[in-house]
Amino acid sequence: MNRFEYADSRLAPNETFIRRDIGVRLYDGDVKTSFEGGELVLTSHRFLWGRPGDISRGHICLSLSFRHVVSFMEEVPGPFSFGRSKKIVVHLSEPPIDKMPGPLDNSIHNYIKLSFKEGLDPIFLSQLSDAIMRRKWEHAPIMPLNHPDTNKKNSADINKSLPQIKTRTGIIGIERSLKEQQKATDESISMAFQDLKKLMEMAKDMVSISKTISAKIRERQGDITEDETIRFKSYLMSLGIDDPVTRDAYKNSNEYFKQLAKQLADILEEPITEVGGMMTLTDVYCRVNRARGLELLSPEDLLNASRQLAPMLLPIVLRVFDSGVMVLQARSHDDNAIVDLIADLIKERGSITAEELAQTEGISVLLARERLLVTEKKGRACRDDTIEALRFYPNLFLEKDD
């Protein structure tokens, strides 16, 4: 609450009215304040809160500039909050040094809540988001109250700019409300797609530049030393833009899958070795697509390329467990060595579950379970399947009776 300032409720010439809501209460963090049952006006620059009728009359009210707003969201109601007012949580930055006087000088909270007793309009959040995204307060700040242009606008002008709240009932009112919500949603979606289009255009330019630089490095053009070449290639690999294989570069699918398999082996050989010689296909899918940027792979293309690994004698191969789980495995992976390690670990601890093995080895629970099942299949462990967990014990039949 210490970000609020006392201010004149008259709108500045460069400030536009957006909406007004009634029955709004202010919270300082989670603490209720005495500022309840007021009206909240949303403008292009700020929140205005006042007692009913104060803002339309041009009286002094509370003002919160959007420059203090860090983020906002609708509060998720708890399981026993039926019938409570809808609330919006607004997270705020630290108060500036030149802050004007307000209702509170100090506060331990970095957020406020707006409680809507009359109900929260579904388009309120989209209108607030649009106002903050436009950032008009940066390009056209509010003029001081003593500015000559500001004094020209009196409370009568504000009364004209503030629309009266109309009560709509019946089917016609509902249809109009739905149309307004649909229009606001369409506008928000259109703006979002425009931003996404700009982002994709910039990303394509970045990929094009990286391909050009990669080609020059491969051809050894320019005055680039050996150390600089290695270092720059590592930077490109860390960004995940080192010329991903795409389908449109090859005439047929077989050649595409073979080249994709080679790239998978180059990208994944070291990571798979680091995690114990095995990685689930779902983890591979996430890791590869994150590295490829905009050139995403489909699950079918990844699976078909993985099936080419073994025939091409590449350092990693596709393996399917009896349970149907698919993994990419290092060709040098030795099941017997893994079984020996797990059997020794089970004997040392007395028993172990897949979750415990996953935490010990730093692998996924799915892989830990498959390794325990392989150990059982080799006869080095016995299971105890209960409602609590699937726990594995040493196979005492292999122990010699002294």
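For every chain, the first residue of its written sequence is number 1, and the numbers climb from 1 along that sequence. This being a predicted model, a pLDDT of at least 70 is required before a residue's local features are given, and a value of 80 or more before pairs of side-chain atoms are given or counted; all residues contribute to the totals for chains, interfaces and linings. Values reported for side chains reflect all heavy atoms of the structure, with hydrogen atoms and water molecules removed beforehand.

An unreviewed UniProt entry lists the protein chain under the name Vacuolar protein-sorting-associated protein 36, from Xylocopa violacea. UniProt positions are given in the numbering used here, feature names are shortened, and annotations may be inferred rather than shown by experiment. Looking at the Function (unreviewed entry) heading of the UniProt record, one finds this comment for the protein chain: "Component of the ESCRT-II complex (endosomal sorting complex required for transport II), which is required for multivesicular body (MVB) formation and sorting of endosomal cargo proteins into MVBs." Recorded in UniProt for the protein chain, the comment headed Subunit (unreviewed entry) runs: "Component of the endosomal sorting complex required for transport II (ESCRT-II)."

Novice: Please clarify how the overall build of the protein chain should be interpreted in this entry.
Specialist: When helices and strands are counted, the protein chain shows 12 helices and 15 strands. Considering only residue pairs separated by 6 or more positions, the protein chain has 60% of its internal contacts joining residues 24 or more positions apart. The accessible surface values rely on the Shrake-Rupley method and a 1.4 Å probe; as for residues, cover is taken only from the protein chains in view. Accessible area for the protein chain stands at about 24700 Å²; split by element, carbon and sulfur atoms hold 54% of it. Secondary structure elements follow DSSP: runs of H or I no shorter than four residues count as helices, runs of E no shorter than two count as strands, and numbering proceeds from the N terminus. Here, residues are in contact when the closest pair of their heavy atoms is within 4.5 Å.

Novice: When you look at the packing of helix α10 (residues 335-349) against helix α12 (residues 365-377) in this model, what are you seeing that I'm missing?
Specialist: Packed helices, taken two at a time, are described by their axes: the angle between them and the distance between them. At a minimum axis separation of 9 Å, α10 and α12 run at an interaxial angle of 95°. Taken as axis vectors, α10 and α12 run roughly perpendicular relative to one another. Here D335, I338, V339, I342, A343 and I346 of α10 come into contact with α12, specifically with R371, L372, V374 and T375. Considering only residue class, the contact of α10 with α12 consists of seven nonpolar, one polar and two charged. Helix axes are fitted only over the stretch in contact, all axes being lines through C-alpha atoms; the angle between N-to-C directions runs from 0 to 180 degrees. Oblique is the label for any angle not under 35 degrees, not over 145, and not in the 65 to 115 range, which are roughly parallel, roughly antiparallel and roughly perpendicular in turn. Residue polarity is assigned by list, with Asp, Glu, Lys and Arg as charged and Ala, Val, Leu, Ile, Met, Phe, Trp, Tyr, Cys and Pro as nonpolar; anything else, Gly included, falls into the polar class.

Novice: Please explain the sheet that holds strand β15 (residues 390-394) as it appears in this structure.
Specialist: Strand-to-strand pairing in sheets goes through backbone hydrogen bonds, with the strands running parallel or antiparallel. The sheet built from three strands is open, its strands ordered β13-β15-β14 with antiparallel pairing. Edge strands, defined here as strands with exactly one partner in the open sheet, are β13 (352-353) and β14 (381-385). When DSSP finds at least two bridges between two strands, those strands are taken to pair.

Novice: Hey, could you run me through a negative patch on the surface in this one?
Specialist: A patch is a set of surface residues, each over 30% in relative accessible area and not in a salt bridge, joined within 9 Å for like charges and within 5 Å for the nonpolar side chains Val, Leu, Ile, Met, Phe, Trp and Tyr. What makes a salt bridge here is a side-chain nitrogen of Lys or Arg within 4 Å of a carboxyl oxygen of Asp or Glu, nothing more. Two residue types count as positive, namely Lys and Arg, and two as negative, namely Asp and Glu; His and chain ends fall outside the count. In plain terms, the charge of a residue is placed at NZ if it is Lys, CZ if Arg, CG if Asp and CD if Glu. A grouping of D266, E269, E270 and E274 is seen on the molecular surface, where their side chains present a negatively charged patch. Following the sequence through the fold, E274 ends up in helix α7 (residues 253-274). Its relative accessible area of 60% is what places E274 among the exposed residues. For every residue, the accessible area obtained with a 1.4 Å probe (protein chains only) is divided by the maximum for its type, and the residue is called buried under 20%, exposed over 50%, and partly exposed between those limits.

Novice: Please clarify how the nonpolar core should be interpreted in this entry.
Specialist: Within soluble globular proteins, side chains that are nonpolar generally end up buried alongside one another. By convention a nonpolar core is built from buried Ala, Val, Leu, Ile, Met, Phe, Trp, Tyr and Cys residues, the set being connected through side-chain atoms within 4.5 Å. Ranked by size, the top nonpolar core spans 25 residues in total, and within it L26, L40, F47, F66, L114, F116 and F124 carry the most contacts. Elements supplying a minimum of two residues to this core: β2 (17-28), β4 (38-43), β5 (46-50), β6 (60-65), β8 (86-92), β9 (111-116) and α1 (124-134). Looking at this core element by element, the count peaks at four residues for α1. Setting aside residues up to four positions removed in sequence, F116 forms contacts with D21, G23, V24, L40, S85, K86, I88 and F124.

Novice: Where do I start with the sheet that holds strand β12 (residues 326-330) in this structure?
Specialist: Pairing within the open sheet is antiparallel, and its three strands lie in the order β10-β12-β11. Edge positions in the sheet fall to β10 (278-280) and β11 (316-320), since each of these pairs with one other strand and no more. Averaged over all pairs of adjacent strands, the angle between their axes in this sheet comes to 30°, without regard to strand direction. The pairing of β11 with β12 spans five bridges and is classified as antiparallel. Bridge pairing in β12 places R319 opposite V327. Against the sheet, α7 engages β10, β11 and β12, with an angle of about 75° to β11. Its contacts with the sheet put α12 on β10, β11 and β12, and the angle it makes with β10 is roughly 125°.

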